[in-house]
Amino acid sequence: MTTPLLSPAPPSPAERAAAVTARAVIATRASGGHTRLETLRSEPPLTVRQTGPGLVHLVSTGAGPLGGDRLTLVIDVAPGTALEVRSVASTLVLPGPSPADSLMMIDAHVGAGASLRFTPEPTVLAAGCSHRMAVRLSLAEDATVFWREEIVFGRHGERPGRCRARFDATVAGRPLLRQELVVGHPEVEGSPAVYGDARCVGSTLVAGPAWDAAHDSKRERRATIGAGWAALPLAGPGVLASALAQDTVELRARLGRAEQAAAVPPER
Amino acid sequence: MGANHDDHHDAADPHGRALRLGIGGPVGSGKTALVAALCRSLGPSMRLGVVTNDIYTTEDAEFLRRAGVLDPERILAVQTGCCPHTAIRDDIAANIDAVETLEERFGPLDLVIVESGGDNLTATFSRGLADRQIFVLDVSGGDKVPRKGGPGVTTADLLVINKTDLAPLVGADLTVMSRDAAAVREGRPVLFTSIREDRSAHSVAEWVTSLVGSWHHQNDHTHDHSAPTNA
Amino acid sequence: MQNDRRKGGMRGSPDAALLLLADSRLPAGGHAHSGGAEEAVRLGTITGPEDLARFLRGRLATAGLVSAALAAAACELASAGHDEQAAAHDEQTGGRDGQSDDPAGRWRQLDAEADARTASPAQREASRVQGRLLIRSARRIWPSPVLDLLAKAVPNGVHHPIALGAAAASAGCDPYQSALAAAYNAVTGPATAAVRLLGLDPVTVHRLLADLAPALNDAAHAACASLIDDVVMEPGAADPFGPYGTANGDAKGSTRGPGWPALPGHAAPALDLLAEGHHSNTMKLFVS
Ligand SMILES: Nc1nc2c(ncn2[C@@H]2O[C@H](COP(=O)(O)OP(=O)(O)OP(=O)(O)O)[C@@H](O)[C@H]2O)c(=O)[nH]1
Ligand SMILES: [Mg+2]
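What you are looking at is a predicted structure, and each value in this text was computed from that prediction instead of being measured.

**Student:** I would appreciate a short explanation of the packing of aromatic side chains in the present structure.
**Tutor:** What characterises a pair of aromatic rings is the spacing of the ring centres plus the angle enclosed by the ring planes. A complete count under the given rule lists three aromatic pairs over all chains for this structure. An angle of 15 degrees between the planes, with centres 3.9 Å apart, marks the rings of Phe-118 of chain A and Trp-147 of chain A as stacked. Placement of the pair is Phe-118 of chain A in strand S9 (residues 115-119) and Trp-147 of chain A in strand S12 (residues 144-152), with a sequence separation of 29 residues. With relative accessibility at 1%, the residue Trp-147 of chain A sits in the buried group. Members of the aromatic cluster, connected to one another through ring pairs, are Phe-118, Trp-147 and Phe-167 of chain A. We note Arg-117 of chain A situated over the ring of Phe-146 of chain A; from NZ or CZ to the ring centre the distance is 4.1 Å. Geometry around Trp-260 of chain C places Arg-106 of chain C over its ring, the cationic atom sitting 3.9 Å from the centre.

Structural data, given as structure tokens:
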């Protein structure tokens, strides 16, 4: 299972004649009170590199994902360890050699007392793409997570391709957040109920035992809101920061404010 | 029809629960003023709860809370989505929920007052919500209002004609109002008030007190407070 | 499911029951909820029939679909006998969580699935209030042991689509009809609110609703399809987790099919913002 760090030569888009299936793995291990990277396995175009203690960057080696690609990232944060995952650049999803959807799956588990911070750059849906994302995030009872997802509806001035992004987070097997963002489909396009006139959407899940306030379903904890953003306390131990914006700069600013509000644990 | 005072079988099982008193009437006639007056005069001797039905937001509830006539927690506001009469007559679910929430939190109670949002002369309470109801008019609409009638004026258990202090100013003749009301109300009571001058609305408070007394006399033979009032 | 529509219910006339259940005159508090429309009107994102149409279509494709699926799941659960419920539960969870022989626990589990699909606290609150009101009325209109059980299992109010599914089952409806009622509810409330708030021509707005009829059917069908193992999982969504599972052994469901966790979870970030904005607005006519 353990493979040494790979440094593949990035193939150019022209070389990408066929769709690829790739799976990368990041796994930590506790070692003398520190976090060690137990497994760091890349498979082009999914490359993972350690860039600091407990810090891993996703490096895009080559274009895509392209139509037909099936990419899987497995993240396993061992009990008591801390991991941060970022990416070097945004992900540009393009139509590809195959008419099939491009798929990006992330399967992440955060163990007891462990913490994961996942803050990649935005995913940009280029015109004509047909993309699916699925994140399955399972948290141990007292795990902590900060998980950001930003989707940009097309490059500048471009109509977006299609995308469905499903996100399922559970805490000790109990559902915390299940949501699916659908972009570029006619039912939701331009709907004041879904994205309004926004060109990008961001959501960040902040969760952990600190947000597990005694819950009274008749009196919900109140949200914090601002222009185009909200920090939404979930029914379970977490808060969803959510933002809509015209461009990535505005999105980051709004989502940042929502994340700040979300980061404040509730009073007990 | 709204309030037929001798046939209340539609209301949910009354045993062991508070009397539910609806207060309705046109906009600005003094419903909230009357609720405040009743809280003032009955508060010391009865266990009370109040539900308001505001048009916008929780204005009446806030007024009552600020007036300090009742523990603010015992005042709940219901929103009516542009349709105050719907919430007291056709779809009373939110009001029932508010009444039962008060009884759950503070019960047992003697009296829960439900103030309707100001509406027109046709708005009356469903018997599923209010056991008895008061309709509040004021003199400023002129002395023709009782003659024009409408279910509120004709069928309410008590008709209150408020703001008598303004009668000389608006040229309303109280004897005409009294006579016209009596003509359509088949002997049901009418009381004239000026809540501005009598901040406890004594005459109305007396009427309510005797109502609550006979309510408990009728319904207290079972003291089963755990019975679901609306199951 | 859809095919034995006549058999599944406890009473004889499911189609008529569906009409009663979906009617805005059903006394269950729905008239005071605008589903975000009041705030959208206040902010100027709904100004007339065109943007109202887009609002309704988007609402149906997101919150409406999720409600429809939850209603269908609730109807199915309510229609199953308690023994069956326990057995299904055992099979799905391996009896791990100790709730397997507890039907009330099963209802709480479905309610938790609704919670996880409703990020906005204002929306959760509105949904629970409406659920509580509906259960109260439904227990008097269509009395049944399952509604009594549900009222006890979630005393502060179960989420509205779940209440709707359970009420529908008690009225004799099947999961498809429950889903249809939920989808219909998701658009008619906001449409009526917009008529009142903007003074729109009610005939024009009903025309918009008529145009949505095929989409309502589609949503109800999609909701029911999502109840059937594996059918819901479009290619690609199903298999990422099949081969690998998750590190904590959560993968048990992958062989048997997804069950409730895989029900649609379509989010509408704008509705979330509208719901919270509406909640903090002090000058409003509707509850939500
Ligand atoms: N002059 C005079 N004014 C009164 C009297 N009673 C109430 N008012 C005033 O009439 C106004 C309306 O009274 P409210 O009690 O708010 O009337 P309401 O029927 O609750 O009004 P809505 O709830 O808005 O329909 C207030 O300014 C009161 O102070 C009275 O006896 N005499
Ligand atoms: Mg008032």
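Now that the structure is up, let's keep going.
**Student:** Would you mind showing me how to read the interface of chain B and chain C here?
**Tutor:** Interface size is commonly expressed as the accessible area that is lost once the parts come together. Contacts between the two partners involve 20 residues from chain B and, on the opposite side, 21 residues from chain C. Between chain B and chain C, the buried area comes to about 1800 Å², and carbon and sulfur atoms account for 55% of it. The interface formed by chain B and chain C includes three salt bridges. Put simply, Asp-97 of chain B and Arg-136 of chain C hold a salt bridge, and the shortest N to O gap is 3.0 Å. Our count for the contact surface shared by chain B and chain C stands at seven residue pairs in polar contact (both at pLDDT 80 or more). Elements supplying a minimum of two residues to the side of chain B that touches chain C: helix H3 (84-90) and helix H4 (93-106) of chain B. Taken together, the residues that form the side of chain B that touches chain C break down as nine nonpolar, six polar and five charged.

**Student:** How should the site of ligand 1 be read in this particular structure?
**Tutor:** Residues and elements named next belong to chain B. Taken together, 18 residues are adjacent to ligand 1, and Lys-31, Thr-32, Ala-33, Asp-165 and Ile-195 come closest. Within the side chain of Glu-115, one N or O atom sits 3.1 Å away from an oxygen atom of ligand 1. Here Lys-163 contributes a side-chain N or O atom positioned 3.1 Å from an oxygen atom of ligand 1. In isolation ligand 1 exposes 650 Å². Once the protein is present, 72% of that is buried. Considering each element in turn, the shell around ligand 1 owes the most residues, three residues, to helix H1 (residues 31-42). For the shell around ligand 1, the per-class residue count stands at five nonpolar, seven polar and six charged.

Conventions and cut-offs
Residues numbered from 1 in each chain as written. Chains lettered and ligands numbered in written order. Predicted model: local features only at pLDDT ≥ 70, side-chain atom pairs only at ≥ 80, totals over all residues. Heavy atoms only, no water. Phe/Tyr/Trp six-rings, centres within 6.5 Å; stacked < 30°, edge-to-face > 60°. Helix = DSSP H or I, 4+ residues; strand = E, 2+ residues; numbered from the N terminus. Buried < 20%, exposed > 50% of the residue type's maximum accessible area, 1.4 Å probe, protein only. Lys NZ or Arg CZ within 6 Å of the ring centre and 35° of its normal. Contact = heavy atoms within 4.5 Å. Buried area = accessible area lost by both parts, 1.4 Å probe. Salt bridge = Lys/Arg side-chain N within 4 Å of Asp/Glu carboxyl O. Polar contact = N/O pair within 3.5 Å; in protein donor to acceptor, adjacent residues only side chain to side chain. Nonpolar A, V, L, I, M, F, W, Y, C, P; charged D, E, K, R; others polar. Near = heavy atom within 4 Å. Areas by Shrake-Rupley, 256 points an atom, 1.4 Å probe, with all protein chains shown as cover.

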